[in-house]
Amino acid sequence: MVYISQAIYSFLSVVGFSVLFNLPRKLIFAASISGMFGWLLYYFFQSFSTNFIVPAFVGSIVVGLIGEVLAAVKKHPATIFTIPGIIPFVPGYGIYYTMLHIVEKDFDLALTTGAESLFIAISIACGIVLATSFVRIIKPNIEKLLR
Amino acid sequence: MELQIEIKRVIRIATRTGRIMLQNGAETYRVEDTVKRMVESRVISSKKFETVNVFVIPTGIILSADYENETTTVLERVYPEGIDLECIDRANEFSRKFTNGIMSLEQAESALEELSNPPKFSKVIRILASGMGGGFFIFLFGGTLTEFFLAYIASAATILCMDGLASKHLNFFIKNIIGGFAASLLGVILVQFTRWIGFEANLNIVIIGPLMTLVPGVSLTNGIRDLISGELLAGSAKIMEALFIAIALAFGVGMVLQFSLKLI
């Protein structure tokens, strides 16, 4: 039940951000679906893992893979699908709390949350690069099989 | 002389396309690749360019192309504007057509004119959608229905304010200070108002909605992505940009919170 509501919320949130990023109308649905699956995986891993890097990493791999598949099917660059897709777990939350702790002069907490958001950003970037490279490696093989 | 002019035209078309992509948030490697391919694909009086070197950083493109022992170098200055995926998509399609050689130079130049002003969503839809983006985001971090409505109003109003500022040509630091200030001021006012009516709302959760539309999460991630793929200069420039946007937002938010914490 929680997963259904989370799916709906993340889907609608990504739709909102897609419009904000001026995504072509026909592609909004596809991009939001990829964002939704990314968030669901993120949520699933977050519920039993205390590590903050693993959920973002797995989520972004999924977003990257779905983005690459959509790019191949719909003939648009993959970035168009991945940029709105990673929005739900991009560390905006962490950046805000870092700022807040600095304003409150709590530099210990600021450093902790700041480092945490930096590492989340690194893991998201790694996840997407990994997905892209993986697709680039196996793509010739798939094309050979289809021929 | 004719030859020189044609070479310049090809290079100009390529760098303009690169500028449009870069301005609207495309990754560095994609811009480099696109510009290089566009120049290399063209045949001028049955000869191609010998070597093409492209160097891209978030604030500029340098291109140097050799044609019959003559080197032409062009610098295109770029001012980042934000993320516009429609623009990237169109520029990408345009470059694909251009490299296939279907287009004449005249056609390409007129197509390039159209590229620089792509269709946008109407203002009302944009404002409503920004409310959706910021509002539903609240639920992902355990917000309640009251907080959702507050965040919806605050996000929509913040984007309205930022869109109004876009035509004023302010520098990005000042713009983000105003954005952070507006977002948190709206948050504080709305939360106070709901408390006065008799509902409970957490200020931190309400503020994160509108701030999510401003916070540089995507440019931080893209910067790290550039670093990973070996674009060291471009990557560090993007991360610096993200850092300074965050500092500007902290300025704005801090100003409001400092006063509101004392007043409440």
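Residues numbered from 1 in each chain as written. Chains lettered and ligands numbered in written order. Predicted model: local features only at pLDDT ≥ 70, side-chain atom pairs only at ≥ 80, totals over all residues.

## A look at the overall build of chain A
On a plain count of helices and strands, chain A comes out with six helices and zero strands. In sequence order, chain A lays out its α and β elements as α-α-α-α-α-α. Within chain A, the proportion of its 147 residues that are buried is 51%. Long-range pairs, those at least 24 residues apart, make up 63% of the contacts in chain A between residues at least 6 apart in sequence. (Helix = DSSP H or I, 4+ residues; strand = E, 2+ residues; numbered from the N terminus. Buried ≥ 20, exposed ≤ 12 C-beta atoms within 10 Å, placed from the backbone. Contact = placed C-beta atoms within 7 Å.)

## Comments concerning the interface of chain B and chain A
Chain B puts 42 residues into the contact, and the matching count from chain A is 38 residues. Of all the secondary-structure elements, those providing two or more residues to the side of chain B that touches chain A are helix H3 (85-100), helix H5 (123-140), helix H8 (203-212), helix H9 (217-228) and helix H10 (232-263) of chain B. For the side of chain B that touches chain A, the element with the most residues is H5(B), which contributes 10 residues. Looking at side-chain class alone, the side of chain B that touches chain A contains 26 nonpolar, nine polar and seven charged residues. (Nonpolar A, V, L, I, M, F, W, Y, C, P; charged D, E, K, R; others polar.)

## A closer look at the UniProt feature "domain: Threonine/serine exporter-like N-terminal" (unreviewed entry) in chain B
UniProt tags residues 12-259 of chain B as "domain: Threonine/serine exporter-like N-terminal" (unreviewed entry). Measuring from the first to the last C-alpha atom of residues 12-259 of chain B gives 52 Å, for a span that is 68% helix and 10% strand. (UniProt positions renumbered as here; feature names shortened; annotations may be inferred.)

## Section: the UniProt feature "transmembrane region" (unreviewed entry) in chain A
All names here are of chain A. Taking the numbering used here, the UniProt-annotated feature "transmembrane region" (unreviewed entry) corresponds to residues 6-23, 28-46, 52-73, 80-98 and 118-138. Counted over residues 52-73, helix gives 95% and strand 0%. Its end C-alpha atoms are 33 Å apart. Here residues 80-98 runs as 68% helix and 0% strand, with 29 Å between its end C-alpha atoms.

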